[in-house]
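Architecture at a glance
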Number of protein chains: 2
Amino acid sequence: MIYLDNSATTNPKPLSVISCASLALKNFSYNSGRGGYKQSVNTSEKIYAVREKASALLGYDAQNIIFTQNCTTALNMAVKGLVKNGDHILISNLEHNAVSRPVDTLAKRGIITYNIFEYDYDEDVLIHNIISQIKPNTKLIVCTHASNVFGCAFPIKRIAEIAQKNGICFVVDAAQGAGVLEMNYADAGVDICCVAGHKGLYGPMATGIMAMRDGLKLDTIIEGGTGSSSLNLEQPDFNPDRFEAGSLNNSGIIGLGAGIDFVSRKGIKNIHKHEIGIVAYIYDCLKKNPNAVLYTPSPTSFKSAPIISFNYKDYSSEKTANLLAARGIATRAGLHCAPLAHKAFGTEKRGTVRISPSVFTTQNDCEIFLNTLKKL
Amino acid sequence: MIYLDNSATTNPKPLSVISCASLALKNFSYNSGRGGYKQSVNTSEKIYAVREKASALLGYDAQNIIFTQNCTTALNMAVKGLVKNGDHILISNLEHNAVSRPVDTLAKRGIITYNIFEYDYDEDVLIHNIISQIKPNTKLIVCTHASNVFGCAFPIKRIAEIAQKNGICFVVDAAQGAGVLEMNYADAGVDICCVAGHKGLYGPMATGIMAMRDGLKLDTIIEGGTGSSSLNLEQPDFNPDRFEAGSLNNSGIIGLGAGIDFVSRKGIKNIHKHEIGIVAYIYDCLKKNPNAVLYTPSPTSFKSAPIISFNYKDYSSEKTANLLAARGIATRAGLHCAPLAHKAFGTEKRGTVRISPSVFTTQNDCEIFLNTLKKL
């Protein structure tokens, strides 16, 4: 199979990831931070080492690296932890449902109000679009680092500056950013960065991270046993315990450590160069194919994650993806859980076929994909 | 090492669990329910097969088997999903912080009020303790199937009858029940049963289940992409999608399937007989040891999960556990994230040393533990 759905989850995983995660199933299936016996302590140390790796990658203190089941859970914890009754939230028009659904739910419950600002290829226009919607009660801006459908990346540092200047918290959905777009999120001024461990960081599935700057106070959405302050029915007020109730995904987290090592060894700049090269090549070939419909400029001409969307002939996106799938090529059709982004690009009815390579995608994969497409 | 901390997480995991979970890291790291390509569809089928296994075990429809990161998350989803402003909750005095902390948090936020009913070895007294605290606005009873500290099991079926009779929802924390105490929770009348997949079901860590009866309407605490109804910013209203936003733990879930198979092959009655035999033997020996302090009757004399708590000489529970750990025996000291239970048994200052065997614990393990303890 030619796998071009790496924005969903990268595949294959590096051998080091599979082997670390597999070994952890055997050697580190112990409750970390609870037992006093060697195996439990060793497990805690192994997990702490991954916090340190994530800390080095994202820029936040190791104890502020919170492990979650997925980026969605991290985003829910961040958004719902930060806002209070009457607050106003700003989100972009390219958000994934992992952002738009929790925000919309809060609004429907009468807790917050929110507005949607428009992405623009021109950064100054984009920034203006944000500033013009800030209200006195705007408490939070939530923005994806890059669209999971069209690749468009947001100027995170500039948005962070606006947020800071206006006393607004800034949460970034880095699901399509971490490991692909080089950025020290903490240095960029992002208050909370939510990450999917199983995408650009090549970790096993069920590994998410909520990484937060020091001193930020959040309400919890999940409370429970932490092995700390156990006599107290209040959730501990220190990290990571406050946000890590119940048992962790030891095997996944330890595998994620190997994934971060893999990414660090390759270098995010090199990974981005390789993957943007892949999508730019595909883009250019599709551009010459009269049957292909494209929706963005070339991914080399603007800040973009290595993701492109297209449609073919008058086929529905599902038809194209199914025809490709039947010929051994995995892409993703439909709305990609991002209805706002499709509305922004006018593709909400048809959806798109999405192409997202990984560091393992080769030039040969591209040729097979392009040749197969031509014959559909 | 002699591992007697199986209430935290069972260890070792059966080889079939490790091998299925490991293989899944390689073969089923695809987004289930999203892609139309064969690997994604195969992954969905594999995961659905585990829903069916859990369905057969717990008694709920397969689509109402919701996979979560852990039992704690399942309990938070159940409790917070069911109650509204002004509701009253009843919980037992043996609850784990996975129940008491979310309930107490809801109370501190002014959303609900709650009372704590007392466990009693006499079921009629226990049932009276519950009935006497029911109020007109009691919406929910939450109760552990068995104490994670002292083993004491609750008469789930009788409590379910009371709940039904009074129009009250009933949520069971089956962290220490599933796989150890034979019960079809749906048939018993439990509205929502929350399970830890990595304890008595021998699955990998980061596998929890919220299993619910059909027709129950719950608010969500986490929303996000589900690969379904994507154009709608409201979370889907059908299961399991409503409660499974974001990527799942494919490897863990598939490993859990092997764990459920393992338990089914062994038979829960046989597992319970073996493990209760182990703790009863240890209990009887400790009873004859003048240095051991015990807190319950013999686990064969009342309905109990295979868990006992003790202390030794005038040592703190941590000292005893650390001395044992230094000699290769893993137990768990302290409060076991269950302060209410320790208050109930008067052990909140000292904590206890907890012994919890698994199906792999042998008579020889008991002898080594008992001989080692004698020399402390």
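Residues numbered from 1 in each chain as written. Chains lettered and ligands numbered in written order. Predicted model: local features only at pLDDT ≥ 70, side-chain atom pairs only at ≥ 80, totals over all residues. Heavy atoms only, no water.

**Points about the layout of surface pockets**
Its boundaries defined by the atoms lining it, the largest pocket holds a volume of some 870 Å³. The wall of the largest pocket is formed by 21 residues, among which Arg109(A), Ile111(A), Leu106(B), Arg109(B) and Ile111(B) lie closest to the centre. Looking at side-chain class alone, the lining of the largest pocket contains eight nonpolar, five polar and eight charged residues. (1 Å grid on protein atoms, 1.4 Å probe; cavity = no way out; pocket = protein on both sides within 12 Å on 5 of 7 lines; lining within 4 Å. Points joined across faces, edges and corners; volume = space filled by probe spheres on them. Nonpolar A, V, L, I, M, F, W, Y, C, P; charged D, E, K, R; others polar.)

**Some points on the sheet that holds strand 12 (residues 353-355) of chain B**
Across a sheet, paired strands are connected by hydrogen bonds in the backbone, their directions being either parallel or antiparallel. All names here are of chain B. The strand order 9-10-12 describes an open sheet built from three strands, whose pairing is antiparallel. The open sheet has two edge strands with one neighbour each: strand 9 (292-294) and strand 12. Between one strand axis and the next, the sheet turns through 40 degrees on average, direction left out of account. Where strand 9 meets strand 10 (residues 308-312), three bridges bridge the pair, whose relative direction is antiparallel. (Pairing = 2+ DSSP bridges. Helix = DSSP H or I, 4+ residues; strand = E, 2+ residues; numbered from the N terminus. Axes fitted to C-alpha atoms, helices over the stretch in contact; angles between N-to-C directions.)

**Section: the sheet that holds strand 12 (residues 353-355) of chain A**
Residue and element names in this part refer to chain A. If you trace the three strands from one edge of the open sheet to the other, you get 9-10-12, paired in antiparallel fashion. Each edge of the sheet is formed by a strand with only one pairing partner; in this case those strands are strand 9 (292-294) and strand 12. Within the sheet, the average angular offset between the axes of one strand and its neighbour, ignoring direction, is 40 degrees. The strands that helix 8 (residues 268-288) touches are strand 9, strand 10 (308-312) and strand 12; relative to strand 10, the one it contacts most, it runs at about 25 degrees. Across the sheet, helix 9 (residues 317-326) is in contact with strand 10 and strand 12; its angle to strand 12 comes to roughly 50 degrees. (Contact = heavy atoms within 4.5 Å.)

**Section: the relation of the copies chain B and chain A**
When chain B is brought onto chain A, the operation consists of a screw motion whose angular component is 180 degrees and whose axial shift is 0.0 Å, with 0.0 Å RMSD remaining. The operation mapping one copy onto its partner corresponds to a two-fold rotation axis. When C-alpha distances to the rotation axis are compared across chain B, the minimum falls at Ser22(B), with a value of 2.6 Å. When you check the interface residues of chain B against chain A, 100% turn up at the interface there too, and the contact is symmetric in its surfaces. (Least-squares fit on C-alpha atoms with pLDDT ≥ 70 in both.)

**A few points about the interface of chain B and chain A**
Taken residue by residue, the interface counts 79 residues in chain B and 79 residues in chain A. Interface of chain B and chain A: buried area, both sides summed, is about 6,100 Å²; carbon and sulfur atoms make up 56% of it. For the pair chain B and chain A, the number of links is six salt bridges. Between Lys80(B) and Glu223(A) there is a salt bridge; the shortest N-O distance is 2.6 Å. Linking chain B to chain A there are 40 residue pairs in polar contact (both at pLDDT 80 or more). Mapped onto the side of chain B that touches chain A, the elements with two or more residues apiece are helix 1 (15-27), helix 3 (71-82), helix 4 (97-108), helix 9 (317-326) and helix 10 (339-344) of chain B. (Buried area = accessible area lost by both parts, 1.4 Å probe. Salt bridge = Lys/Arg side-chain N within 4 Å of Asp/Glu carboxyl O. Polar contact = N/O pair within 3.5 Å; in protein donor to acceptor, adjacent residues only side chain to side chain.)

**Thoughts on the confidence of the model for chain A**
Of the residues in chain A, 100% have a pLDDT of 70 or more, and the chain-wide mean is 97. Here the predicted complex scores 0.98 on pTM and 0.97 on ipTM. (pLDDT = per-residue confidence, 0-100.)

**Let's talk about the side chain of Arg332(A)**
Mapped onto the elements, Arg332(A) comes out in the loop between strand 11 (329-330) and helix 10 (339-344). The charged side chain of Arg332(A) is buried without a salt bridge, its nearest counter-charge being Asp5(A) at 4.6 Å. Beyond its immediate chain neighbours, meaning those up to four positions away, Arg332(A) contacts Asp5(A), Ala8(A), Cys337(A), Thr352(A), Val353(A), Arg354(A), Arg34(B) and Gly35(B). (Buried < 20%, exposed > 50% of the residue type's maximum accessible area, 1.4 Å probe, protein only. Lys, Arg positive; Asp, Glu negative; His and termini not counted.)

**Things to note about the packing of helix 8 (residues 268-288) of chain B against helix 11 (residues 363-374) of chain B**
When two helices pack together, their arrangement is given by the angle between the helix axes and the distance between those axes. Residue and element names in this part refer to chain B. One can describe the packing of helix 8 onto helix 11 by two numbers: an axis separation of 10 Å at closest approach and a directional angle of 25 degrees. By the criterion of interaxial angle, the relationship of helix 8 to helix 11 is roughly parallel. At the point where helix 8 passes helix 11, the crossing takes the right-handed sense. Contacts from Ile278, Tyr281, Ile282, Cys285 and Leu286 in helix 8 reach Gln363, Cys366, Glu367, Phe369, Leu370 and Leu373 in helix 11. Split into classes, the residues belonging to the contact of helix 8 with helix 11 amount to nine nonpolar, one polar and one charged. (Parallel < 35°, antiparallel > 145°, perpendicular 65-115°, else oblique. Left-handed = near helix turned anticlockwise from the far one by under 90°.)

**Details of unusual backbone geometry**
Between Asn239(A) and the following residue, Pro240(A), the backbone shows a cis peptide bond with an omega angle of 0 degrees. Among the secondary structure elements, Pro240(A) is positioned in the loop between strand 8 (208-212) and helix 7 (250-266).

**Notes on helix 1 of chain B**
With 13 residues, helix 1 of chain B extends 18 Å between its outermost C-alpha atoms, agreeing within 8% with the 18 Å of an ideal straight helix rising 1.5 Å per residue. On its buried face, helix 1 of chain B sits against helix 1 (15-27) of chain A together with helix 7 (250-266) of chain B. (Expected span 1.5 Å × (residues − 1).)

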